[in-house]
Structures are given as structure tokens and as C-alpha cells.
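Tertiary structure, described
Each chain is listed here by its residues.
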Amino acid sequence: MSAQTGRSNNVVMDSLAQIGHCGLFLLRILASVPRSMRYVRETVRQLWFVGAMSLTIIMTCGLFVGMVLGLQLYHVLAIFGGTSATGSVVALAIYRELGPVVTALLFAGRAGTSITAEIGLMRATDQIAAMEMMAVDPIAYVAAPRFLAGLIAMPLLCCVFCAMGVFGGHLVGVSWLGIDNGTFWSNMTATVDVWQDIVSGVVWKSAAFGAVIALIAVFQGYTTPPTSEGVAYATTRTVVASSIAILALDFVLTAFLM
Amino acid sequence: MTTTVPAKSDDRALVRIRGLTTVLSGKTVFDALDLDIPRGKVTAIMGPSGTGKTTLLKHITGQMRSGRGEVRVDGLNVPELSRDQLFQLRERIGYLFQNSALLTDFDVFENVAFPLRQHTKLPEVLIRNIVLTKLQAVGLRGAAALMPNELSGGMARRVALARAIVFDPMLILYDEPFVGLDPIALNQVLKLIRTLNDTLGITSVLVAHELAAIKEVADHVFLIANGKVVAQGDPKTIADDGSPWTRQFFGGEADGPVPFQYPAGDYAQALGFKQGEA
């Protein structure tokens, strides 16, 4: 029992220590951001890699999420004779919750893991050590550009996801199920608040998620043991930790932003 | 018991190590190590596996600063340097990693150009000329457009060497430069090390196990074991100095002052035999 307790205590302490290290790592990244401005090309390259290269999965998933949401809501709202509100409910659900959260989960799986694996392999093959030996700060050259790219890419990807989601909802609701096109759009524009739903819901939330995912991904890659098993564990930890962090942070941000 | 060979005080030493004591995971790697590396010479560091040769290079470059004692490079005490001072010092040091450590996103040309792009604002034409000159020196000017995954081990080593010398450093550290090289590549790398050292006036430090190669290229050799320098001298004669360390190491004997077996419990017991059963 005591051994069991001791072990669980260690897990808690290890997790707290890991969070502490991650916080200190964030400070190192933020401190190196002015120096990393020298590497704008590297940041743009990473933005292309984590942002533009994620567009296909984000657009496809956004479309299907919108379509399924339109289908489900149409049938539920039909019970109350409120199918005309389908457009508004689809848009609100996507802007406030599904857009930022699903985009973040997809981003963690698509971009977060590749960032972790890339940096982990750079460490395993001594590329990080080689940069240090060439008097190049790897935090400024490797970590900061990836962190900034995640921070910038997430809100943009979230906007694309939301647009595709609304388009999917429109496709099902208007083109397939026969809701009036004008009703769909006018109800949506009447209920969606630009500041509350789009700026707070889409932009701020997804920027916060982007920062958290990029930090976790870079930290896991940077601190992974330089072995193939270490890199495999680190990529898994990125997905698990990011997913938990996104959902927990979503609750906190929603509570504050409402 | 380890017999320590005292370091001779040499004013021309580029690297001076005094009383270096390093403990890693409870194991004493260096025990008050004293060592001087002379300027302008090729110095080889040899010793059994796990004796801390790479760790010594890490101390010299400040990658490892946890030990006690003094590690001076060109008069600067490395453990006391700030990060900026350390980076300034590293701009004057070339380091050849065991696995070459080329940046896999860049081709050969960009790998060699990388330090120049990071630390200078030279015009592109000049960068191109410097890089091609260095690649020509290592015989790989024609491979400038290849990616690291298209290179053999020996070629990658030579590209890494070109990158290490791109700033004409005062000191080059080679970590196991001969591992995995075929006889042709080995001969070329040996010639390169000697030529670079002589023509550019560089101080070279080699960590290696191959005595035949060391005899060809090195001016001085240190044999490290049990955390201390146990022998040093001319590489052509060190094997014949008669000490039990050199006899065991260069003779490849299992028995001697360096145990072949890692410390372990009773062998028969580990195999499940009871006492007196065998």
C-alpha cells in the first residue's frame, strides 16, 4: 500500500516537475523571441510546414463536421418546428466550441507530433548539439520559430475550419434538406456576434490552443531521450498532453469569455 | 592503483586542464585530471571505452560544465564563461561529431555555409567561394548539391570537417574521426587532418582508438584510464614504454589494470549454481 502510495506520489511529483520545466522552457522561448527575429525565414518555413501543410486535413474535417452537425440539428430542430434556426445553431456551435477545439485536436495530431519527432530526431542525431557548437542558440533557431508558427497558424486554420464547417452545414441544410437559403444566412448573421463568437471564440481561443500545443510539442521534442524509443514516447506524450490541455483550457477560457 | 603521469607545465598550451573531477551517475569519470594540449600540434586522446574521452571534449567546449577544476582554452576558464562568452569562444573552435551531425534539412553546400550565414553578413558571392574552397579541400566540391542522406559515412564525415573548418578555427576537436571509414577514406581523412593542421596552424585534438592511424597523424598522445592520464608521449614509441597500462591497451589484453568485465556479482550465482555445485 505504502509502496503503491509512494509510486503514485512520484507520478504526481514527476508531473508537477514536468509542468514546472515546461513553464521554464516557455520563459526561455519567450526570452529568445527577439533573437529569433533574425530567423524570419525559418519561422515562415515552419509556418508553411505546420500551417499550409495542415490545410487538407483541416478543410476536410471542417466540411464533414459542419455536414454532420447540419444533419443532426435539422432533425432535432424539426421536432420543435425550428429548422429555420439550423444555420444559427450550426454556426454558433462551430464558432464557439467545435471550431477551436477540433482544429486544436487535429493540429496536435498533425503538426504537434511532427514538431516533436523532428526536434527529437535532431537531438538524437546531435544536430542540436552541433548548433550549440557552432555558437547558434537552438532555442532561438529551432524552438522559437516553431512556437511562433504554431501560435500564428492555429487561428488561421481555425478560421478555415469554421468556414468549411458553415459551408458543410449549408450544403446539408440548404442544398440537401431544403431549408431556405435566405433564412439560413439571415438567422445566422442575426445571432452570431462578431466580438463574442468570432474574435473571442475563434481567434483568442485558438491562439491560446496554438501556443499550448506548440509549447508542448517543442518541449517534448527538446527534452526527449536521444533514442528511437524516446522519440516514440515523446510524440505520444505530445498528443496525450495536448489533448488534455486543450479540453481543460477550453473549459477555463469558455468560463472567462462568456 | 592508478599511476598518474604529471602534466608538464607548458606556456604554449592552448588547452590547459587542472584538477578536473567529474562524477556522472555516481561514477567518477575524471579524478583530478591534469592535461596540457600544445598549440599547433595534433594531440591524440586514447583510452578504453567509457573512460571519458568524449566527456573531456565536452568539457573543453563547455557542453559539460558540471565538473570541479579548471579547463582553460586560450587562457579562458571555460566553466566560468557566460553563455555569450562561451559562444564567442566556440566560434573559434571546430568540432567534428562522431556521427557527423549534419543538418538534414540542408544540402551539403548549405551545411557548410550554415555557420557563415549565422555569424557573418558576407555577400553571397564570398560565402559561395569560401564554401567551395572548403569543399574542395575535403574533395567534395562536386557533392555540394547532395543531401546528407545521399552521402556515405566517410563523405558525411568530410562534409562535417569542411563545416568545422569554415571559420579557420584555432582548435579542432575530432571525436572518433576514423570509425567506419574504408582504407581510402581513412587515408584521405588522415592526410586532411595533417594538412589542415600544418597549413592553417590549427591545434587538433583527436579522440580515437586506432593506434596505426594515430601513429601516422599525431604528434603527441595521452592515454587516459581510471580518470587520469596514465601514459603520454610520442605515438610511435608510447606502446613500448613498458607500463602495464600501455601493455594492456595497445596489446589488446583482457587482463591488466583496466578490467574487461563491468563490475558484477558472482558469475556462478548469476547462472543459478549453488556454492560447491559446479
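Note that residues are indexed from 1 along each chain, following the sequence as it is written. Here chains are named by letter from A upward and ligands by number from 1 upward, in the order in which they appear as written. In view of the model being predicted, local features appear only for residues whose pLDDT reaches at least 70, and side-chain atom pairs are presented and counted only at 80 or more, with totals across whole chains, interfaces and linings using the full set of residues.

Chain B appears in an unreviewed UniProt entry as ATP-binding cassette domain-containing protein from Dyella mobilis.

In the annotation of an unreviewed UniProt entry, the entry for chain A reads Intermembrane phospholipid transport system permease protein MlaE, and the organism field reads Dyella mobilis. UniProt positions are given in the numbering used here, feature names are shortened, and annotations may be inferred rather than shown by experiment. Taken from UniProt, the Subcellular location (unreviewed entry) comment for chain A reads in full: "Cell inner membrane". The UniProt entry for chain A carries this comment under Sequence similarities (unreviewed entry): "Belongs to the MlaE permease family."

**A look at the interface of chain A and chain B**
Think of it this way: build a C-beta for each residue from its backbone, and any pair within 7 Å is a contact. Contacts between chain A and chain B engage 10 residues on the former and 15 residues on the latter. Residue classes follow a fixed rule: Ala, Val, Leu, Ile, Met, Phe, Trp, Tyr, Cys and Pro count as nonpolar, while Asp, Glu, Lys and Arg count as charged, and any other residue, Gly among them, counts as polar. Considering only residue class, the side of chain A that touches chain B consists of six nonpolar, two polar and two charged.

**Side note on the packing of helix 3 (residues 108-119) of chain B against helix 4 (residues 124-137) of chain B**
Residue and element names in this part refer to chain B. As a packed pair, helix 3 and helix 4 sit with axes 9 Å apart at the nearest point and diverge in direction by 125°. On the basis of the axis angle, helix 3 is oblique to helix 4. The handedness of the crossing between helix 3 and helix 4 is right-handed. In this structure, helix 3 contributes Phe109, Val112, Ala113, Leu116 and Arg117 to the contact, and helix 4 contributes Ile127, Ile130, Val131, Lys134 and Leu135. When the residues that make up the contact of helix 3 with helix 4 are grouped by side-chain class, the tally is eight nonpolar, no polar and two charged. Structural elements are reduced to axes, namely lines fitted to C-alpha atoms, with helices fitted over the stretch in contact, and the angle between N-to-C directions of any two is expressed from 0 to 180 degrees. Only DSSP runs of H or I covering at least 4 residues are called helices, and only runs of E covering at least 2 are called strands; the numbering of each starts at the N terminus. Angles below 35 degrees are treated as roughly parallel, those above 145 as roughly antiparallel, those between 65 and 115 as roughly perpendicular, and all remaining angles as oblique. The sense of a crossing depends on the near helix, which, turned anticlockwise from the far helix by less than a right angle, makes the crossing left-handed and, turned clockwise, makes it right-handed.

**A look at the sheet that holds strand 6 (residues 93-96) of chain B**
Residue and element names in this part refer to chain B. If DSSP finds at least two bridges between two strands, the strands pair. Read across the open sheet, the six strands follow the order 6-7-8-3-9-10; overall the sheet is mixed. Single-partner strands in this sheet number two, and they are strand 6 and strand 10 (228-233). When the angles between neighbouring strand axes are averaged without regard to direction, this sheet yields 20°. Packed onto the sheet, helix 1 (residues 53-61) meets strand 3 (42-46), strand 6, strand 7 (171-175), strand 8 (203-207) and strand 9 (220-225) and runs at close to 155° relative to strand 7. Most of the contacts of helix 5 (residues 153-164) go to strand 6, to which it runs at about 170°, and overall it touches strand 6 and strand 7.

**Section: the sheet that holds strand 5 (residues 76-77) of chain B**
All names here are of chain B. A sheet is described by the order of its strands in space; here four strands give the open sequence 2-1-4-5, paired in antiparallel fashion. If you trace the sheet from one side to the other, it starts and ends with strand 2 (27-38) and strand 5, each paired once. Where strand 1 (residues 13-24) and strand 2 come together, eight bridges link them in antiparallel fashion. Bridge pairing links Leu24 to Lys27 in strand 2.

**Observations regarding the confidence of the model for chain B**
All names here are of chain B. Residues at a pLDDT of 70 or more form 95% of chain B, whose mean pLDDT is 87. The secondary structure element of chain B with the lowest average pLDDT is helix 8 (residues 244-251), at 80, and the one with the highest is helix 3, at 95. Taken together, the chains of this predicted complex give a pTM of 0.84 and an interface ipTM of 0.83. pLDDT runs from 0 to 100 and stands for how confident the predictor is about each residue.

**A closer look at the pairing of strand 3 of chain B**
Residues and elements named next belong to chain B. With five of five residues buried, strand 3 is to be regarded as a mostly interior element. Pairing geometry for strand 3 and strand 8, over four bridges, is parallel. Paired with Ala44 across the two strands is Leu206, which belongs to strand 8. Sheet topology note: the strand 3/strand 9 ladder contains four bridges and is parallel. Exposure is read from a count of other C-beta atoms within 10 Å of each residue's own; the residue is exposed at 12 or fewer, buried at 20 or more and partly exposed in between. C-beta atoms are placed from the backbone.

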